[in-house]
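Given next are the chains, with one letter for each unit.
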Amino acid sequence: MVMENPFLRIFKSSAEDSFPLDSDSIVEGISNSVHSPLQQFSIIPLIPIKMGNLFFSFTNSSLFMLLTLGLVLLFLHFVTKKGGGNLVPNAWQSLVELIYDFVLNLVNEQIDGLSGNVKQKFFPCILVTFTFLLFCNLQGMIPYSFTVTSHFLITLGLSFSLFLGITIVGFQKHGLHFLSFFLPAGVPLPLAPFLVLLELISYCFRALSLGIRLFANMMAGHSLVKILSGFAWTMLCMNDLFYFIGHLGPLFIVLALTGLELGVAILQAYVFTILICIYLNDAINLH
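Residues numbered from 1 in each chain as written. Predicted model: local features only at pLDDT ≥ 70, side-chain atom pairs only at ≥ 80, totals over all residues. Heavy atoms only, no water.

Colleague: What am I meant to see in the overall build of the protein chain here?
Modeller: When its secondary structure is counted, the protein chain shows 10 helices and four strands. What you see in the protein chain, going N to C, is helices and strands ordered as α-α-β-β-β-β-α-α-α-α-α-α-α-α. Burial status across the protein chain gives 32% buried among its 287 residues. In the protein chain, once contacts between residues fewer than 6 apart in sequence are set aside, the share between residues at least 24 apart is 65%. Total accessible area computed for the protein chain in this model is approximately 17900 Å², and 72% of it derives from carbon and sulfur atoms. (Helix = DSSP H or I, 4+ residues; strand = E, 2+ residues; numbered from the N terminus. Buried < 20%, exposed > 50% of the residue type's maximum accessible area, 1.4 Å probe, protein only. Contact = heavy atoms within 4.5 Å. Areas by Shrake-Rupley, 256 points an atom, 1.4 Å probe, with all protein chains shown as cover.)

This is how it looks when you write it as C-alpha cells:
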C-alpha cells in the first residue's frame, strides 16, 4: 500500500472546492515538481533476485560499493605496480603513503600494551576500514552518485561486525577474565549486579552509536545541500531580476556547505577508525 502525502491530501481537498474539474491535475503537477531531499537515498533494485520471501537483489547501493572497492584496488595497483612505487614518489604515491602512515601512527598511538609485531595483526583490518569509508564518503560527493554510508543498515552492519571481532579478540586474549571489563574494581557487592547490567548495555551501545554517527552525519549533510541547492535553482529559474540576484546567497551557502561536506566525509572516516582503535585497546587492556 502506498501512503499518500498528507500535504497533497489537504491540498487536493481544498483544490476540489475551488477547482472541481482540475484538482487531480493540479495535485499531480505538484507531486511531479516537488522532490524530497531524501529521494537521493532511495534503494533501487538493478537486478531483482527473489527466493521465496527473501530478496537478494543487486541494488544501486551494491553497485557503488563494488565501484568504490574497485576504485581503491585499481588506485593501489597503479601506485604499487612493478613490485613497488618510485624512489621519488609522485603525487598519487605520496597520497597512498600518507594514508598508510596516518593509519599506522593511529594504531601505534591508540593501542597500548602490545609490541609492534602484535599490533601489525590489526593494522590491515583498520587500514582497509579507513580507506573503504574514506572512498565511500568521497564518491558520495560526486553528482548523480550514491552515498553508501548514508544508509543505517550498511553502517550498522559494518560497526557490529567489527565490534563482534573486537569482542572475540578480548576473549581470545583474556578468556573469561574479559568479563571483568563489565565490573569496575572496588565496586560494593550490592551494587555489582546493577553496574554489570549498566556496563553491558553501555558496551553494546558502542556498536550502535558507531553506526548511527556515521549514517546521521552523511545523510544530514547531503540532505541540507540538496535542500539549499534546490532552493537556489528555483530562485534562478524565476523570471524576475530580484530572484535572480537573490539566488546568489543560497548558491554561495551551497558552495560553502559542499566544502564543509568534503571535510565531514574525511572526518567521519577518521572518527570511525579512531573509535575502533580505542575499543580494541579497551578489549586488549581491559580499560
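Colleague: So what exactly am I meant to see when it comes to helix H7 (residues 152-174) here?
Modeller: Residues lying three or four places apart along an α-helix face the same way, a consequence of the helix completing one turn every 3.6 residues. Given a rise of 1.5 Å per residue, 23 residues ought to cover 33 Å, and the 32 Å separating the end C-alpha atoms of H7 matches this to within 8%. Looking at H7, one finds that the buried residues are Thr155, Leu156, Ser159, Leu162, Phe163, Ile166, Thr167, Val169 and Gly170. Among the residues trailing H7, Gly175 stands out with phi positive, at a value near 65°. (Expected span 1.5 Å × (residues − 1).)

Colleague: Explanation requested: the packing of aromatic side chains in the structure shown.
Modeller: To describe a pair of aromatic rings, one takes the distance between the centres and the angle between the planes. Enumeration over the complete set of coordinates arrives at 15 aromatic pairs. With 6.4 Å between their ring centres and 70° between their planes, Phe178 and Tyr203 make a pair best called edge-to-face. Of this pair, Phe178 sits in the loop between H7 and helix H8 (192-237) while Tyr203 sits in helix H8, and the two are 25 residues apart along the sequence. Assigned by exposure class, Phe178 and Tyr203 land together as buried. Ring centres of Phe181 and Tyr203 lie 5.7 Å apart, and the angle between their planes is 70°; this geometry places the pair in the edge-to-face category. Here Tyr203 lies in helix H8 and Phe181 lies in the loop between H7 and H8, a separation of 22 residues in the sequence. Take Phe181: its relative accessible area is 11%, and that puts it in the buried class. A residue is classified by how much of its surface remains accessible, and Tyr203, at 8% relative accessible area, is buried. (Phe/Tyr/Trp six-rings, centres within 6.5 Å; stacked < 30°, edge-to-face > 60°.)

Colleague: Is there a simple way to explain the packing of helix H3 (residues 60-80) against helix H4 (residues 91-110) in this structure?
Modeller: Two measures define how a pair of helices packs: the angle their axes make with one another and the distance between the axes. The interhelical angle for the contact between H3 and H4, taken along N-to-C directions, is 115°, at an axis separation of 9 Å. When the axes of H3 and H4 are compared, the pair comes out roughly perpendicular. Crossing of H3 against H4: the hand is left-handed. Between H3, through Phe75, Leu76 and Val79, and H4, the contact on the second element is made entirely by Trp92, Gln93, Leu95 and Val96. Of the residues in the contact of H3 with H4, the class split is six nonpolar, one polar and no charged. (Axes fitted to C-alpha atoms, helices over the stretch in contact; angles between N-to-C directions. Parallel < 35°, antiparallel > 145°, perpendicular 65-115°, else oblique. Left-handed = near helix turned anticlockwise from the far one by under 90°. Nonpolar A, V, L, I, M, F, W, Y, C, P; charged D, E, K, R; others polar.)

Remember that the coordinates give geometry; whether it matters functionally is a separate question.
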